[in-house]
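# Observations on the three-dimensional arrangement
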Amino acid sequence: MELSKTVNLAKELVCIKSVTPDDNGCQDLIAKILEPYGFSIRFISSNGTKNLLAFHGTGAPLTLFLGHTDVVPTGDETTWDYPPFSGKIITKDDGKHYLYGRGSSDMKGGDAAMICAMLEYIEQKPDHKGTIGLLLTSNEEGDAVGGTPYVVEFLKKENIIPDYCIIGECSCDEVFGDSIKNGRRGDLNATIVVNGIQGHAALEQHAKNAVFEASRFISAMLDNPIDNGTQFFPPTSFQVSNISAGTGADNVIPGVCTLRCNFRWNDLQTPEKIEKHVREVAKSCGIDCTMDFREEGKPFLTKEGLLIDALKASIIEVTGITPSLGTSGGTSDGRFIRHLGTQTVEFGPVSNLIHKVNEMVCTEDLDSLTRIYVKTLEKLMK
Ligand SMILES: [Zn+2]
């Protein structure tokens with residue numbers, strides 16, 4: 001089977017084992033492809049993280065494509081149907097072709113579509129208006145240290161502020177074309193230590209079970225939602241990711257129960273507001289506890305504007321589907337770019353297989369994605 005340029009590049013990238021934060025040569029391969037087209041290319045590396053920043057053209061508008069070359073670990077490779085870095089093309093029962101392997105959908109398929117779209121657009125319009133840019137990091141799946149936030153500081157210093165940022169992360173929910181992410185919720189962790197009174201299991205009148213105290217608090221949190229969401233954001237969520245208590249003996253009532261909690265928050269909230277809510281709930285059920293909150297990421301939102309209009313119209317032209325706008329899903333590096341004031345959206349393949357065993361991406365969707373990006377550039381770079 002003859003592969004398109006996009007699928008071919010995606011396959012080459014999947015065959016490079018680049019487990020976060022090791023780029024392992026992906027960005028060198030991409031730089032070699034961009035160079036003949038006259039891109040100015042910089043590698044900005046820090047703390048074992050590699051970043052590629054490439055620009056073509058001059059002046060405004062500046063449209064930046066944002067992606068990452070790292071992938072999450074495979075887990076036990078023997079549970080995969082094929083080797084996860086083989087880049088095998090398989091045909092499924094639906095008659096469609098899929099590029100198989102770790103990183104195929106998150107997000108080397110998207111990377112390849114962004115790159116091939118830029119090159120196709122430049123071939124069509126070598127003297128295009130404005131600047132087209134590409135930023136790739138090798139530390140998106142890890143802690144982002146030395147990654148996109150580091151390059152954003154560099155961009156600020158150089159006064160390079162993108163007008164538009166398109167991120168080729170998986171954004172679609174059920175079918176390709178059905179969803180653009182125009183924002184993401186923020187991420188907040190809390191450790192809550194609930195105190196009771198330790199005692200003998202048979203002398204419960206002299207003890208206070210910290211697990212029971214914690215469970216009253218959890219029930220109260222579930223009964224008192226933090227908010228009801230907004231037009232673009234779902235409600236702020238409360239999750240318990242871990243509960244630990246116990247002394248190791250079956251006949252002891254635990255005096256301490258530690259909860260690890262996670263909140264995904266919308267733009268009605270701040271970490272301070274959430275903390276206030278949680279403390280009030282704890283107070284209302286009379287539990288004795290200490291709390292420690294840690295912000296992991298702020299929410300971002302891009303409201304309707306030229307970028308969303310251009311992308312939406314291009315998706316309809318290529319797929320016939322009208323995408324919805326939404327903010328569900330995990331955080332992305334879009335949050336770092338959005339804070340430059342840049343209109344920022346994510347649009348890429350269907351997200352149902354990311355980080356899973358037997359990750360794969362539909363090759364027809366990658367070709368459609370490339371066409372959508374080319375059409376979007378045509379509309380933006382006028
Ligand atoms: Zn990703």
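Residues numbered from 1 in each chain as written. Predicted model: local features only at pLDDT ≥ 70, side-chain atom pairs only at ≥ 80, totals over all residues. Heavy atoms only, no water.

In the annotation of an unreviewed UniProt entry, the chain is listed under the name Succinyl-diaminopimelate desuccinylase and assigned to Succinivibrio faecicola.

What follows is about unusual backbone geometry. Each neighbour pair has its own omega, and for Ala-60 with Pro-61 the value is -5°, a cis peptide bond. Note that Pro-61 resides in the loop between strand 2 (51–57) and strand 3 (62–68). A cis amide bond, omega -10°, links Asp-106 with the succeeding residue Met-107. You will see that Asn-47, though not glycine, has its phi angle at about 55°, which is positive. Relative to the assigned elements, Asn-47 resides in the loop between strand 1 (40–43) and strand 2. Overall, the relative accessible area of 64% leaves Asn-47 in the exposed class. (Helix = DSSP H or I, 4+ residues; strand = E, 2+ residues; numbered from the N terminus. Buried < 20%, exposed > 50% of the residue type's maximum accessible area, 1.4 Å probe, protein only.)

Moving on, we come to the coordination of the zinc ion. Looking at the zinc ion, one finds its protein donor set to be His-68 (NE2), Asp-106 (OD), Glu-169 (OE) and Glu-169 (OE), positioned 1.9 to 2.5 Å from the metal centre. Considering all four donor atoms around the zinc ion, the spread of angles at the metal, 55 to 146°, places the coordination shape in the irregular class. Along the chain, the residues donating to the zinc ion fall in the pattern H-x37-D-x62-E. Taken together, the residues Asp-106 in helix 3 (residues 104–124) and Glu-169 in the loop between strand 7 (164–167) and strand 8 (179–181) connect sequence positions 63 residues apart. The exposure class of Glu-169 is buried, given its relative accessible area of 9%. (Donors = N, O, S within 2.8 Å, 3.2 Å for Na, K, Ca; no water. Tetrahedral: all angles 85-135°; square planar, octahedral: opposite > 155°, others 65-115°.)

Next up on the list: the sheet that holds strand 12 (residues 237–245). With antiparallel pairing, the four strands of this open sheet are ordered in space as 12-14-10-15. Each having just a single partner strand, strand 12 and strand 15 (288–297) make up the two edges of the open sheet. Each strand of the sheet is rotated relative to its neighbour by a mean of 20°, with strand direction disregarded. Relative to strand 14 (residues 256–265), strand 10 (residues 186–195) runs antiparallel, the two being bridged by 10 bridges. Within strand 14, the residue paired with Thr-191 across the bridge is Arg-260. Where helix 5 (residues 210–223) meets the sheet, its contacts fall on strand 10, strand 12 and strand 14, and the angle it forms with strand 14 comes to roughly 20°. Helix-sheet contacts for helix 6 (residues 271–284) involve strand 10, strand 14 and strand 15, and the interaxial angle to strand 15 is about 160°. (Pairing = 2+ DSSP bridges. Axes fitted to C-alpha atoms, helices over the stretch in contact; angles between N-to-C directions. Contact = heavy atoms within 4.5 Å.)

Attention shifts here to the layout of surface pockets. Of the volumes computed, that of the largest pocket is approximately 510 Å³. In this structure, the largest pocket is lined by 27 residues; those nearest its centre are Glu-140, Glu-169, Gly-330, Thr-331 and Ser-332. Residue classes in the lining of the largest pocket are distributed as five nonpolar, 10 polar and 12 charged. (1 Å grid on protein atoms, 1.4 Å probe; cavity = no way out; pocket = protein on both sides within 12 Å on 5 of 7 lines; lining within 4 Å. Points joined across faces, edges and corners; volume = space filled by probe spheres on them. Nonpolar A, V, L, I, M, F, W, Y, C, P; charged D, E, K, R; others polar.)

Here we take up the nonpolar core. Counting 55 residues, the largest nonpolar core has Leu-34, Phe-65, Leu-134 and Phe-347 as its most contacted members. Contributions of two or more residues to this core are made by helix 1 (5–14), helix 2 (26–34), strand 2, helix 3, strand 6 (131–137), strand 7, helix 7 (306–319) and helix 9 (363–380). The element contributing the most residues to this core is helix 3, with 11 residues. Apart from the residues within four sequence positions on either side, Leu-34 is in contact with Phe-39, Ile-41, Leu-52, Ala-54, Ile-115, Met-118, Leu-119 and Leu-134. Ranked by size, the runner-up nonpolar core spans 26 residues in total, among them Val-194, Ala-210, Ala-220 and Cys-257. (Core = buried A, V, L, I, M, F, W, Y, C linked by side-chain atoms within 4.5 Å.)

Attention shifts here to the packing of helix 2 against helix 3. Between helix 2 and helix 3, the shortest axis-to-axis distance is 11 Å and the interhelical angle comes to 15°. When the axes of helix 2 and helix 3 are compared, the pair comes out roughly parallel. Both helix 2 and helix 3 take part in a crossing whose hand is right-handed. Contact with helix 2, carried on its side by Cys-26, Ile-30, Ile-33 and Leu-34, involves Lys-108, Ile-115, Met-118 and Leu-119 of helix 3 and no other residues of that element. Here the residues of the contact of helix 2 with helix 3 are counted per class, giving seven nonpolar, no polar and one charged. (Parallel < 35°, antiparallel > 145°, perpendicular 65-115°, else oblique. Left-handed = near helix turned anticlockwise from the far one by under 90°.)

Read across the sheet, three strands follow the order 4-5-19 without closing on themselves; strand pairing throughout is antiparallel. Both edges of this open sheet fall to strand 4 (89–91) and strand 19 (360–362), since each of them pairs with a single strand only. Averaged over all pairs of adjacent strands, the angle between strand axes in this sheet comes to 35°, irrespective of strand direction. Sheet topology places strand 4 next to strand 5 (residues 97–100); three bridges connect them, and they run antiparallel. Bridging from a neighbouring strand, Ile-89 pairs with Leu-99 of strand 5. Packing against the sheet, helix 3 makes contact with strand 5 and strand 19, and its axis sits at approximately 45° to strand 19. Of the strands in this sheet, strand 4, strand 5 and strand 19 touch helix 9, which is tilted by about 60° from strand 19.

Assignment of secondary structure puts Phe-85 in the loop between strand 3 and strand 4. Residues within four places of Phe-85 in sequence aside, it is in contact with Val-14, Cys-15, Ile-16, Lys-17, Val-19, Val-71, Thr-74, Glu-77 and Arg-102.

The subject of this paragraph is empty space enclosed by the protein. Within the structure shown, the criterion is met by one cavity of 30 Å³ or more. Forming the walls of the largest cavity are Leu-66, Gly-67, His-68, Met-107, Glu-140, Ile-167, Glu-169, Ser-332 and Asp-333. With three residues, the top contributor of residues to the lining of the largest cavity is strand 3. Of the residues that constitute the lining of the largest cavity, the class distribution is three nonpolar, three polar and three charged.

This part is about the packing of aromatic side chains. Taken as a whole, this structure holds six aromatic pairs when the rule is applied. Ring geometry for Phe-65 and Tyr-373: centres 5.4 Å apart, planes at 65°, overall edge-to-face. You can see Phe-65 sitting in strand 3 and its partner Tyr-373 sitting in helix 9, a full 308 residues away along the chain. We classify Phe-65 as buried; its relative accessible area is 0%. (Phe/Tyr/Trp six-rings, centres within 6.5 Å; stacked < 30°, edge-to-face > 60°.)

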